[in-house]
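# Observations on the three-dimensional arrangement
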There are 2 protein chains.
Amino acid sequence: MNDLDLGVFIKDHRKKAGLTQLQLADLAGIGKTTVFDIEKNKETVRFNNLLAVLQVLNIKIEFKSPLTK
Amino acid sequence: MNDLDLGVFIKDHRKKAGLTQLQLADLAGIGKTTVFDIEKNKETVRFNNLLAVLQVLNIKIEFKSPLTK
DNA sequence: CATTATATACTGTTTTAACGGTAAAAATAC
DNA sequence: GTATTTTTACCGTTAAAACAGTATATAATG
């Protein structure tokens with residue numbers, strides 16, 4: 001993927017939004033454990049749950065290939 | 001997310017790589033059903049499985065927020 | 001056309017992520 | 001310092017993704 005630490009990235013944005021893990025979980029409609037897992041870079045989480053968290057935090061996801069670049 | 005149709009995007013890249021769904025599945029180390037699901041935009045797939053497919057197809061994933069922009 | 005390859009669809013089983021509950025550790029507030 | 005909040009960690013249960021197998025539909029090839 002990237003060299004970006006997605007878990008830390010998300011945690012930072014959650015903090016800046018003034019949210020606790022539980023609040024973020026509720027807003028995203030998922031469990032607190034899943035938020036915790038995501039911030040710990042557990043990659044076996046479901047994609048839709050990750051997307052829900054990103055949406056709450058206003059983080060966009062982009063896909064780039066050498067072709068489209 | 002985006003207006004990008006990720007399933008079609010992945011399918012296109014698979015075709016350009018000259019791979020069948022089964023070949024892509026084997027290369028990514030996942031089942032053919034999951035590749036099929038991903039190309040059908042089933043968002044409940046596991047993030048790691050999606051990443052495995054993207055890696056085989058040389059597609060990078062990026063996360064952007066209004067802050068980091 | 002027929003034949004082959006590929007994609008799509010469905011099914012039953014197995015694996016495991018998701019979840020809430022709880023508890024302990026760490027951070028923050030008083 | 002203590003009290004409170006938040007985070008981290010573990011656990012048992014439940015729901016569902018992953019998977020291989022199979023079957024059918026579609027596409028490509030001779």
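Residues numbered from 1 in each chain as written. Chains lettered and ligands numbered in written order. Predicted model: local features only at pLDDT ≥ 70, side-chain atom pairs only at ≥ 80, totals over all residues. Heavy atoms only, no water.

### Section: the overall build of chain A
For chain A, the helix and strand inventory stands at four helices and one strand. Traced from its N-terminal end to its C-terminal end, chain A shows the element sequence α-α-α-α-β. Seen along its three principal axes, the alpha-carbon backbone of chain A occupies a region of about 40 × 25 × 20 Å. Across the 69 residues in chain A, those meeting the buried criterion constitute 42%. When the accessible surface of chain A is summed, it comes to about 4,000 Å², and 48% of that surface belongs to carbon and sulfur atoms. On chain A, the mean spot of the 11 positive side-chain charges and the mean spot of the 8 negative ones are 2 Å from each other. (Helix = DSSP H or I, 4+ residues; strand = E, 2+ residues; numbered from the N terminus. Buried < 20%, exposed > 50% of the residue type's maximum accessible area, 1.4 Å probe, protein only. Areas by Shrake-Rupley, 256 points an atom, 1.4 Å probe, with all protein chains shown as cover. Lys, Arg positive; Asp, Glu negative; His and termini not counted. Charge placed at Lys NZ, Arg CZ, Asp CG, Glu CD.)

### Here we look at helix α1 (residues 6-16) of chain B
The set of residues buried in α1 of chain B consists of Leu-6, Gly-7, Phe-9, Ile-10, His-13 and Arg-14 of chain B. For α1 of chain B, the angular spread of the buried residues around the axis is 165°, confining them to a single face. Facing away from the buried surface of α1 of chain B by more than 90 degrees, the exposed residues are Lys-15 and Lys-16 of chain B. Tucked into the core, α1 of chain B has its buried residues touching α4 (47-56) and β1 (60-64) of chain A together with α2 (21-28), α3 (32-39) and α4 (47-56) of chain B. Two or three places before Gly-7 of chain B, at the start of α1 of chain B, stands the capping residue Asp-5 of chain B, its side-chain oxygen 3.2 Å from that residue's backbone nitrogen. (Arc of directions from axis to C-beta. Contact = heavy atoms within 4.5 Å. Polar contact = N/O pair within 3.5 Å; in protein donor to acceptor, adjacent residues only side chain to side chain.)

### A closer look at the protein's contact with DNA strand D
Among the 18 residues in the neighbourhood of DNA strand D, the closest are listed as Lys-11 and Arg-14 of chain A together with Gly-31, Thr-34 and Arg-46 of chain B. By atom count, sugar and phosphate contribute 79% of the portion of DNA strand D lying within 4 Å of the protein. Separating a phosphate oxygen of DNA strand D from a side-chain N or O atom of Lys-11 of chain A is a distance of 2.8 Å. Of all the secondary structure elements, the ones that give two or more residues to the surface near DNA strand D are α1 (6-16) and α3 (32-39) of chain A together with α3 of chain B. In the surface near DNA strand D, the residues fall into three nonpolar, seven polar and eight charged. (Near = heavy atom within 4 Å. Nonpolar A, V, L, I, M, F, W, Y, C, P; charged D, E, K, R; others polar.)

### Notes on the pattern of salt bridges
Two side chains with opposite charge may pair up if their charged atoms get near one another. Evaluated as defined, the whole model comprises six salt bridges over all chains. For Lys-64 of chain B, the salt bridge goes to Glu-62 of chain A, with nearest N and O atoms at 3.9 Å. With Lys-64 of chain B in strand β1 (residues 60-64) and Glu-62 of chain A in strand β1, this pair bridges two chains. In this structure Glu-62 of chain A comes out as partly exposed when scored by relative accessible area, which is 23%. The salt bridge partner of Lys-42 of chain B is Asp-37 of chain B, with a shortest N-O separation of 3.4 Å. (Salt bridge = Lys/Arg side-chain N within 4 Å of Asp/Glu carboxyl O.)

### Here we look at the relation of the copies chain B and chain A
Overlaying chain B with chain A gives an RMSD of 0.0 Å, the required rotation being 180° about an axis along which the chain moves by 0.0 Å. Overall, the copies show the geometry of a two-fold rotation axis. Mapped onto chain A, 100% of the interface residues of chain B again fall at the interface, so both copies present the same surface. (Least-squares fit on C-alpha atoms with pLDDT ≥ 70 in both.)

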